[in-house]
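Examining the three-dimensional arrangement
One-letter residues, chain by chain:
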Amino acid sequence: MSTQGLLAKGVPALQPAWLLFVKIAILVLSIIILGLAAWALSIFGGLASGLGYSGGAAGFAVFVTIWTFIVYGGTIAIEMVATHLFYRIAGVVLYSLSIIFWLTAWAYAASQASTWNSAASLFGDFGGGFDNSFKKEGSALGAVAGLGALVWILSIVHFVFFIKAALADSEGSGANNAELGQVKPAEFVQPAPVQAAYPQQQYPQQPQQPQQQYAVQQPYATQ
């Protein structure tokens, strides 16, 4: 293996086909997380804006899901319609950032979910219905944290196998004939039939007869 494969262009020829389904799973989970984060923001905006809290984890989760749509959705499109435009080093950078973003997102959401659940227990003794809203906020962020951790794991799995396939294809041969990790079989060219060479039979040449020369007679005699 050579690191030259990370600098080549084209989809790695040895990339497993099931990585496509990992990307699709990441996108589907991101849509669900986007909905949960939006719900958390809606509860948060009407409830705790006056308590000095910020949108923090939910807002960052929205950003990360949009980032994921661009990165993974864009790479799927390029792998399908324009494999020669796939720069592997760009994929390495984008996938690495995605892993970092998802780690931050689910850890941040888990921390704020714990804070809201603690607040629900604290304000539950005072009544006023605040504990119910705090529980909703904590539940929404807890779900964001759980699904975000799953997306984070899938992102790592995809990244590891992508790097492995890229290192195994140092020449970038996947740029021309690989699509989603599948190498198109080369067309079979039927060889032209070989004609047997036969010795040419030489025939004896007949001797040429000498040509007789005749005097040209003038039609009229000159005087």
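Residues numbered from 1 in each chain as written. Predicted model: local features only at pLDDT ≥ 70, side-chain atom pairs only at ≥ 80, totals over all residues. Heavy atoms only, no water.

Turning our attention to the overall build of the protein chain. Within the protein chain, the regular secondary structure consists of six helices and two strands. Along its sequence from the N terminus, the protein chain presents helices and strands in the succession α-α-α-α-α-α-β-β. Counting across all 223 residues of the protein chain, residues that qualify as buried make up 36%. Contacts in the protein chain between residues far apart in sequence, at least 24 positions, make up 86% of those at least 6 positions apart. For the protein chain, the exposed area adds up to about 14,200 Å²; of that, 63% sits on carbon and sulfur atoms. (Helix = DSSP H or I, 4+ residues; strand = E, 2+ residues; numbered from the N terminus. Buried < 20%, exposed > 50% of the residue type's maximum accessible area, 1.4 Å probe, protein only. Contact = heavy atoms within 4.5 Å. Areas by Shrake-Rupley, 256 points an atom, 1.4 Å probe, with all protein chains shown as cover.)

Our focus in this paragraph is the packing of aromatic side chains. With the rule as written, the count across this model stands at nine aromatic pairs. Arranged with centres 4.9 Å apart and planes meeting at 75°, the rings of Trp 18 and Phe 161 form a pair that is edge-to-face. On the criterion of sequence distance, the pair formed by Trp 18 in the loop between α1 (4-7) and α2 (19-47) and Phe 161 in helix α5 (residues 130-168) is long-range, its members being 143 residues apart. Its relative accessible area of 39% is what places Trp 18 among the partly exposed residues. A ring pair is formed by Tyr 95 and Phe 162, whose centres lie 5.3 Å apart and whose planes are at 85°; its orientation type is edge-to-face. Here Tyr 95, found in helix α4 (residues 88-123), pairs with Phe 162, found in helix α5; they are 67 residues apart in sequence, far enough to count as distant. You can call Tyr 95 buried: its relative accessible area is 0%. Through a chain of ring-to-ring contacts, three or more aromatic side chains come together here, namely Phe 60, Phe 63, Trp 67 and Phe 101. (Phe/Tyr/Trp six-rings, centres within 6.5 Å; stacked < 30°, edge-to-face > 60°.)

Ranked by internal contacts, the top residues of the largest apolar core, which has 45 residues, are Tyr 95, Leu 141 and Ile 163. Put simply, the parts of the chain that give this core at least two residues each are α2, α3 (56-81), α4 and α5. With twelve residues, α5 is the largest single contributor of residues to this core. In this view, Leu 141 contacts Ala 40, Ala 57, Ala 58, Ala 109, Gln 112, Ala 113 and Trp 116; residues no more than four positions away in its chain are not counted. (Core = buried A, V, L, I, M, F, W, Y, C linked by side-chain atoms within 4.5 Å.)

Before going further, it helps to examine the pattern of salt bridges. Overall, the coordinates contain one salt bridge when judged by the stated rule. Here Lys 23 and Glu 79 are joined by a salt bridge, their closest N and O atoms 3.0 Å apart. A residue pair is termed long-range when its members are at least 10 positions apart, and Lys 23 in helix α2 and Glu 79 in helix α3 qualify at 56 residues. (Salt bridge = Lys/Arg side-chain N within 4 Å of Asp/Glu carboxyl O.)

So, about the UniProt feature "transmembrane region" (unreviewed entry) in the protein chain. When the UniProt feature table is mapped onto this chain, "transmembrane region" (unreviewed entry) is found at residues 20-45, 51-73, 85-109 and 140-163. Across residues 140-163, the secondary structure splits into 100% helix and 0% strand, with the terminal C-alpha atoms separated by 34 Å. (UniProt positions renumbered as here; feature names shortened; annotations may be inferred.)

Right, let's get into the side chain of Ser 30. Mapped onto the secondary structure, Ser 30 falls in helix α2. Within the structure, the side chain of Ser 30 is placed 2.7 Å from the backbone oxygen of Ile 26, a separation counted as a polar contact. Filtering out sequence-adjacent residues up to four positions away, Ser 30 remains in contact with Thr 65, Thr 68, Phe 69 and Trp 102. (Polar contact = N/O pair within 3.5 Å; in protein donor to acceptor, adjacent residues only side chain to side chain.)

Taken together, Leu 7, Tyr 87, Ile 89, Val 93, Leu 97 and Ile 100 make up a surface patch of nonpolar side chains, about 540 Å² in accessible area. Broken down by element, the nonpolar patch gets its largest block of residues, four residues, from α4. By the secondary structure assignment, Ile 89 is in helix α4. A residue is classified by how much of its surface remains accessible, and Ile 89, at 39% relative accessible area, is partly exposed. (Patch = residues over 30% accessible without salt bridge, like charges linked within 9 Å, V, L, I, M, F, W, Y side chains within 5 Å.)

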